[in-house]
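# Geometric and topological summary
Okay, here's what each chain looks like letter by letter:
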Amino acid sequence: MSNFSRRKLITTGLAASAGASGLAVAVRLADRYGLIPPDYGGIYGPGTTLTYASHRLLTGQSLAREFPANQISRAPFAKLRPFTIEAYDSLRAGGFVDWRVNVDGLVARPSSFSLAELKGFPSRRQITQLACEEGWSFIAEWTGVPLMHILSAAQTLPQARYVVYYSIQRNWRQSIDMADALHPQTLLVYGMNGGELPMGHGAPLRLSLPRQLGYKSVKFINRITVTDSLKQFHKGSYSWYAGI
Ligand SMILES: Nc1nc2c(c(=O)[nH]1)N[C@H]1C(S)=C(S)[C@@H](COP(=O)(O)O)O[C@H]1N2
Ligand SMILES: [Mo]
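How each quantity is defined
Residues numbered from 1 in each chain as written. Chains lettered and ligands numbered in written order. Predicted model: local features only at pLDDT ≥ 70, side-chain atom pairs only at ≥ 80, totals over all residues. Heavy atoms only, no water. Helix = DSSP H or I, 4+ residues; strand = E, 2+ residues; numbered from the N terminus. Buried < 20%, exposed > 50% of the residue type's maximum accessible area, 1.4 Å probe, protein only. Contact = heavy atoms within 4.5 Å. Areas by Shrake-Rupley, 256 points an atom, 1.4 Å probe, with all protein chains shown as cover. Near = heavy atom within 4 Å. Polar contact = N/O pair within 3.5 Å; in protein donor to acceptor, adjacent residues only side chain to side chain. Salt bridge = Lys/Arg side-chain N within 4 Å of Asp/Glu carboxyl O. Core = buried A, V, L, I, M, F, W, Y, C linked by side-chain atoms within 4.5 Å. Pairing = 2+ DSSP bridges. Phe/Tyr/Trp six-rings, centres within 6.5 Å; stacked < 30°, edge-to-face > 60°. Lys NZ or Arg CZ within 6 Å of the ring centre and 35° of its normal.

Moving on to the overall build of the chain. A tally of helices and strands in the chain yields seven helices and ten strands. In the chain, which comprises 244 residues, the share counted as buried stands at 48%. Across the chain, contacts joining residues at least 24 apart in sequence account for 67% of those joining residues at least 6 apart. For the chain, the exposed area adds up to about 12800 Å²; of that, 53% sits on carbon and sulfur atoms.

Here P204 lies in the loop between β8 (195-196) and β9 (206-208). For P204 and W99, which are 105 residues apart along the polypeptide, the C-alpha to C-alpha distance reads 7.8 Å. Residue contacts for P204: discarding those within four places in its chain leaves F96, W99, L115, V189, Y190 and L197.

Our next topic: the site of ligand 1. Around ligand 1, the surrounding shell holds 21 residues, and the nearest of these are F77, Q169, H201, R206 and K219. Here an oxygen atom of ligand 1 and a backbone polar atom of K79 are 2.8 Å apart. At 2.7 Å, a side-chain N or O of Q169 approaches a nitrogen atom of ligand 1. Starting from 540 Å² of accessible surface for ligand 1 in isolation, the protein chains cover 97%.

Further remarks concern the pattern of salt bridges. What the rule picks out here adds up to seven salt bridges. The partner of R124 in a salt bridge is E66, and the shortest N-O contact between them spans 2.4 Å. Here R124 is found in strand β3 (residues 124-131), whereas its partner E66 is found in the loop between α3 (47-58) and α4 (86-93), with 58 residues between them in sequence. The exposure class assigned to R124 is partly exposed, which follows from its relative accessible area of 25%. Take E66: its relative accessible area is 37%, and that puts it in the partly exposed class. Put simply, K79, E133 and E134 are held in one network by salt bridges that share partners.

What follows is about the nonpolar core. Nonpolar side chains in soluble globular proteins tend to be buried together. Counting 38 residues, the largest nonpolar core has Y88, W99, L147, V163, L188 and I224 as its most contacted members. Listing elements by their share of this core, those giving two or more residues are α4, β1 (100-105), α5 (115-119), α6 (147-154), β5 (162-167), α7 (178-181), β7 (187-192) and β10 (221-227). The element best represented in this core is α6, accounting for five residues. Among residues more than four places away in sequence, those in contact with I224 are V101, N102, V103, D104, L147, V163, V164, Y165 and L188.

With that out of the way, let us pick up the pairing of β3. Pairing analysis gives eight bridges linking β3 to strand β4 (residues 137-146), with the strands arranged antiparallel. The partner of T128 across the bridge, within β4, is A140. The turn joining β3 and β4, which pair antiparallel and follow one another in sequence, is formed by five residues; a positive phi near 110 degrees is taken by G135.

We now examine the packing of aromatic side chains. Applying the stated rule across the entire model yields ten aromatic pairs. Judged by centre distance (5.3 Å) and plane angle (80 degrees), the rings of Y88 and F220 are edge-to-face. Of this pair, Y88 sits in helix α4 while F220 sits in the loop between β9 and β10; the two residues are 132 residues apart in sequence, bridging distant segments of the chain. Across this residue pair, the class does not change: Y88 and F220 are buried. Taken together, F83, Y88, F96, W99 and F220 form an aromatic cluster joined through their ring pairs. Its guanidinium or amino end placed over the ring of Y166, R223 lies 4.6 Å from that ring's centre, counting from NZ or CZ.

Written out as structure tokens, the structure is:
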């Protein structure tokens, strides 16, 4: 192997392992390179620091592929077994104006956001693929607020390591690490293909997490918990990390 390709291999390997151990490495690098303003309480201190650090450190992370508009699937498949949840039906009858997503756990400011409030945050639109573990997929345009803005508003504490998110469907919850939670393509979605998010696709609020399989993109989200351990949360039949 030439010196050049050997060096390339080593640096590629280093970059990959930095990605795998996520923010611990990012924090050390940030500290070393002076990316954290010295008068702030660390990377997860006040929200501005979080946003700043995430922009500085995580935009370098790999992005899921985004597609041109002419690739949007004509008939996206909504995978949904019919369910009856009284609370859901009455919120839906009211046009979801009373829907709230609560943010709790390791945050300085436990918060609760209505859809109108979520729509007041900076939004992002992305045309990405949702790929189910069963082998089917579709491409859609998703509109929503990057989760990082919500975490920033709730002021994540320094011990934060994971974000758990819950559906109004009781047995549906999933979790991601902070690197994925702060990733720019991780969205709390309220719009699809230019319109409202249809019920079958998780109205009024779902996650879009295009770097992982479809089951991590939980629908009907009404709660978000920041935690330092998944011991009490991780169960179920799907594997925790579903990177694609
Ligand atoms: N609340 C809830 N979220 C869910 C599911 C579900 O049944 N309930 N199914 C998951 C699975 S396995 C997939 S592949 C995607 C499907 O998204 P779609 O219904 O928009 O196609 O949603 C995920 N999120
Ligand atoms: Mo799925």
